[in-house]
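Structural overview for review
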Amino acid sequence: QVQVEESGGGLVQAGGSLNLSCAVTGRTWSLYALAWFRQAPQKEREFVAAVGWNGESPYYNDPMKGRFTITRGTVKNTAHLQMKSLEPEDTAVYVCAAGRPWSSSGYHSENEYNYWGQGTQVTVSI
């Protein structure tokens, strides 16, 4: 069984930074792509960033480019999301997902990820 666990998150003032981490545990002999999605109240879940399983460059949703950085951890099937210059609009539950997308466009799609964490709250105050 595969489990996805997030850590980090919390409350930060606008302009501040936060780091999130994701770890896939269990039957993880495969290398997974790891992605972050987020869902704000009364909004649909949206793609944030992903790190590939096949050596590709990271993928970002356009609004996050330049502010968020996703990296693969040194431990297999872990990833870190560094978030800078946070804005109140970044307030959401951030969820990590694991999967093996087969196309670059697939990385942005929830359907390409098989395993999901419970999420961690990020709140950015004015």
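Look up: the structure comes first, before these words.
Residues numbered from 1 in each chain as written. Predicted model: local features only at pLDDT ≥ 70, side-chain atom pairs only at ≥ 80, totals over all residues. Heavy atoms only, no water.

Our focus in this paragraph is the sheet that holds strand S7 (residues 68-72). Taken in spatial order, the 4 strands make up an open sheet running S1-S3-S8-S7, and their pairing is antiparallel. Each edge of the open sheet is held by one strand with a lone partner, namely strand S1 (2-8) and S7. The sheet shows a mean angle of 15° between the axes of neighbouring strands, taken without regard to direction. Strand direction decides the pairing type here: strand S3 (residues 18-26) and strand S8 (residues 78-83), joined by 6 bridges, are antiparallel. (Pairing = 2+ DSSP bridges. Helix = DSSP H or I, 4+ residues; strand = E, 2+ residues; numbered from the N terminus. Axes fitted to C-alpha atoms, helices over the stretch in contact; angles between N-to-C directions.)

Let's shift gears to the side chain of asparagine 77. One can find asparagine 77 in the loop between S7 and S8. At a separation of 2.8 Å, a polar atom in the side chain of asparagine 77 contacts the main-chain amide nitrogen of tyrosine 32. In contact with asparagine 77, not counting residues within four places along its chain, are Cys22, Ala23, Val24, Thr28, Ser30, Leu31, Tyr32, Leu34 and Arg72. (Polar contact = N/O pair within 3.5 Å; in protein donor to acceptor, adjacent residues only side chain to side chain. Contact = heavy atoms within 4.5 Å.)

What follows concerns the pairing of S7. Across 5 bridges, the pairing between S7 and S8 is antiparallel. Bridge pairing links phenylalanine 68 to methionine 83 in S8. Here S7 folds back onto S8, and the loop between the two strands holds 5 residues, one of which, asparagine 77, carries a positive phi near 60°.

Take the pattern of salt bridges next. Scanning all chains against the criterion turns up 5 salt bridges. Aspartate 90 is the partner of arginine 38 in a salt bridge, and the nearest nitrogen-oxygen pair spans 2.8 Å. Taken together, the positions of arginine 38 in strand S4 (residues 33-39) and aspartate 90 in the loop between S8 and strand S9 (92-99) put the pair 52 residues apart, joining distant regions of the chain. Here arginine 38 matches aspartate 90 in class, with each residue buried. A salt bridge links arginine 45 to glutamate 110; its shortest N-O distance comes to 3.6 Å. With arginine 45 in the loop between S4 and strand S5 (46-51) and glutamate 110 in the loop between S9 and strand S10 (113-116), this residue pair connects regions lying 65 residues apart in the sequence. Using a relative accessible area of 33% as the deciding quantity, one classes glutamate 110 as partly exposed. Through salt bridges with shared partners, a single network forms among Arg38, Glu46, Arg67 and Asp90. (Salt bridge = Lys/Arg side-chain N within 4 Å of Asp/Glu carboxyl O. Buried < 20%, exposed > 50% of the residue type's maximum accessible area, 1.4 Å probe, protein only.)

Using the criterion set out here, one finds 1 disulfide in the structure. With its sulfur 1.9 Å from that of its partner, cysteine 22 forms a disulfide with cysteine 96. Handedness here is read from the sign of the S-S torsion; for cysteine 22 and cysteine 96, about -80°, the answer is left-handed. Placement of the pair is cysteine 22 in strand S3 and cysteine 96 in strand S9, with a sequence separation of 74 residues. With a relative accessible area of 0%, cysteine 96 lands in the buried category. (Disulfide = S-S within 2.5 Å.)

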